[in-house]
Amino acid sequence: MNKKLTDKIFINFNYRLSIFFILFISLYSELFALENKILFQIDKQIITTQDVLNEVKYLKFINSDFKSLDNNKIYVIAKNSLIREIIKENELKRILKKVDIKESFLEEFIINYFSKFNISSINELTPILKQNDLKLDKIKKKITIQIMWNDLIFKKFSKRVKINKDLIKEEISINKFQEEYLISEIVISVNDKKNLTNKFEKIKIDIKENNFSKAAIIHSISETSINGGKIGWVTENSLSLKIKDALNKTKIGDITEPIMIPGGFIILKIEKKRNVEMELDFNKEFNRIVKRKTNDQLNQFSNIYFNKIKKDVKVNEL
């Protein structure tokens, strides 16, 4: 074969191959190398290129909005997501004998967690994971850490949850119809007013340039960030007076100013609003509101506790 033609074919092949890997990996420039490099270390645990790539695949699987973020943001979010998970796992290992839960309960939880795929068994989920280059054992580990962390928070802080049950009963009795909000959240942690102002401006820019869901993925420290900050429908009885007042002043499609909560600030977006008739079953409605208020407070305790233990963790870039 003619040498010039051979060289040309070789150059074209290498060019296409390089483009392929850039598109396939879709990561920060440091991750475009083909070898599995060590990126950073958390205490004694080493995190590699492959670890971050696996986290990217998982985040894209959970939320399609993640796919359209730029490479730098994808890298930072995946890195921070891994760090949070490892810190939680290490704390669980420090306190508990083993990080493990009953298999039947774990599988039932996973089926519910991935209900958007219309699955009724783990066997139905496995091929979906395979299509997205994900492994079931890795998913099980992630979900196990999430469940056990929530259980740890409940055991540590459930006695500190404060709910005015008499007020809830009174509001249910008086208000036959209530406002119900479909909301999303961004929870942030800042040290002072200046940092809060700067952070809020960055969030507003990301919302304007992209959307609220992507801004939540980028900025929120809440567990809901992985789903773009989506909370779902919430009745006004389930909300604190501070948050209820903020929502009443906010139009549909707009966001609230940052609202102070234990451990940080919350920014809410009203997706939709409707006036609904309360449940005829008083006890059912009462229990639903108590559960919602309890979960909100436990999530705040979770953020506070995580930020506390994170201060003692060393993350070294390598």
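Residues numbered from 1 in each chain as written. Predicted model: local features only at pLDDT ≥ 70, side-chain atom pairs only at ≥ 80, totals over all residues. Heavy atoms only, no water.

Asker: Teacher, can you tell me more about the overall build of the chain here?
Answerer: Along the chain, the regular secondary structure elements total eleven helices and seven strands. The buried share of the chain, reckoned over its 318 residues, is 42%. Counting only contacts in the chain whose residues sit at least 6 apart along the sequence, the fraction spanning at least 24 positions is 73%. (Helix = DSSP H or I, 4+ residues; strand = E, 2+ residues; numbered from the N terminus. Buried < 20%, exposed > 50% of the residue type's maximum accessible area, 1.4 Å probe, protein only. Contact = heavy atoms within 4.5 Å.)

Asker: Would you take a moment to explain a positive patch on the surface for this structure?
Answerer: A cluster of basic side chains, namely Lys-156, Arg-160, Lys-162 and Lys-308, defines a positive patch on the protein surface. Mapped onto the elements of the fold, Lys-308 is located in helix H11 (residues 282–310). (Patch = residues over 30% accessible without salt bridge, like charges linked within 9 Å, V, L, I, M, F, W, Y side chains within 5 Å. Areas by Shrake-Rupley, 256 points an atom, 1.4 Å probe, with all protein chains shown as cover. Salt bridge = Lys/Arg side-chain N within 4 Å of Asp/Glu carboxyl O. Lys, Arg positive; Asp, Glu negative; His and termini not counted. Charge placed at Lys NZ, Arg CZ, Asp CG, Glu CD.)

Asker: For this particular structure, what's the right way to read the environment of Asn-295?
Answerer: Examined against the element boundaries, Asn-295 turns out to sit in helix H11. For Asn-295, a relative accessible area of 36% translates into the label partly exposed. Between the C-alpha atom of Asn-295 and that of Phe-154, which follows or precedes it by 141 residues, the distance is 9.3 Å.

Asker: Which parts of the structure should I look at to understand the nonpolar core?
Answerer: Soluble globular proteins tend to bury their nonpolar side chains together. Val-52, Tyr-58, Phe-66 and Phe-114 are the most contacted members of the largest nonpolar core, which totals 50 residues. Of all elements in the fold, only strand E1 (38–42), helix H2 (49–62), helix H3 (71–95), helix H4 (103–113), helix H5 (122–131), helix H6 (136–157) and H11 reach the threshold of two or more residues within this core. The residues touching Phe-66, leaving out its near neighbours within four places in the chain, are Val-56, Leu-59, Lys-60, Ile-74, Ile-77 and Ile-217. (Core = buried A, V, L, I, M, F, W, Y, C linked by side-chain atoms within 4.5 Å.)

Asker: Would you mind going over the layout of surface pockets with me for this structure?
Answerer: With a probe scaled to a water molecule rolled over the atoms, the places where space remains empty come into view. In this structure, the second largest pocket encloses a volume near 450 Å³. Lining the second largest pocket are 18 residues, and of these Asp-51, Asn-54, Leu-82, Lys-138 and Lys-142 sit closest to its centre. Among the elements of the structure, strand E2 (45–48), H2, H3 and H6 are those that each provide at least two residues to the lining of the second largest pocket. No other element matches the five residues that H2 contributes to the lining of the second largest pocket. Across the lining of the second largest pocket, the residue classes tally to six nonpolar, two polar and ten charged. (1 Å grid on protein atoms, 1.4 Å probe; cavity = no way out; pocket = protein on both sides within 12 Å on 5 of 7 lines; lining within 4 Å. Points joined across faces, edges and corners; volume = space filled by probe spheres on them. Nonpolar A, V, L, I, M, F, W, Y, C, P; charged D, E, K, R; others polar.)

Asker: In this structure, what is going on with the pattern of salt bridges? I would like to understand it.
Answerer: In a structure, side chains of opposite charge can pair up when their charged atoms sit close to one another. Under the definition given, this model contains 18 salt bridges. The partner of Lys-155 in a salt bridge is Asp-151, and the shortest N-O contact between them spans 3.1 Å. Note that Lys-155 and Asp-151 are positioned in helix H6 at a spacing of four residues, about one turn of the helix. The exposure class of Lys-155 is exposed, given its relative accessible area of 62%. Lys-244 serves as the salt-bridge partner of Glu-171, at 3.8 Å between the closest nitrogen and oxygen. Note that Glu-171 is positioned in helix H7 (residues 165–174) and Lys-244 in helix H10 (residues 241–248), a separation of 73 residues in sequence.

Asker: Mind showing me how you'd approach the pairing of E1 here?
Answerer: The two faces of a sheet get side chains in turn, since along a regular strand they alternate between them. Pairing between E1 and E2: four bridges, direction antiparallel. From the neighbouring strand, Ile-42 faces E2, where its bridge partner is Gln-45. What sits between E1 and E2 in their antiparallel hairpin is a turn of two residues, with Asp-43 showing a positive phi close to 55°. Looking at chain direction, E1 and strand E7 (residues 315–317) are connected through three bridges and run antiparallel. By the bridge assignment for E7, Ile-42 is matched with Val-315. (Pairing = 2+ DSSP bridges.)

Asker: Looking at this structure, how should I read the environment of Asp-70?
Answerer: Mapped onto the fold, Asp-70 is located in the loop between H2 and H3. Looking at Asp-70, the relative accessible area reads 38%, which means it is partly exposed. A distance of 3.1 Å separates a polar side-chain atom of Asp-70 from the backbone nitrogen of Asn-72. Polar side-chain contacts of Asp-70 include one of 3.0 Å to the backbone nitrogen of Lys-73. (Polar contact = N/O pair within 3.5 Å; in protein donor to acceptor, adjacent residues only side chain to side chain.)

From the geometry alone we can't say anything about function, so treat these as descriptive.
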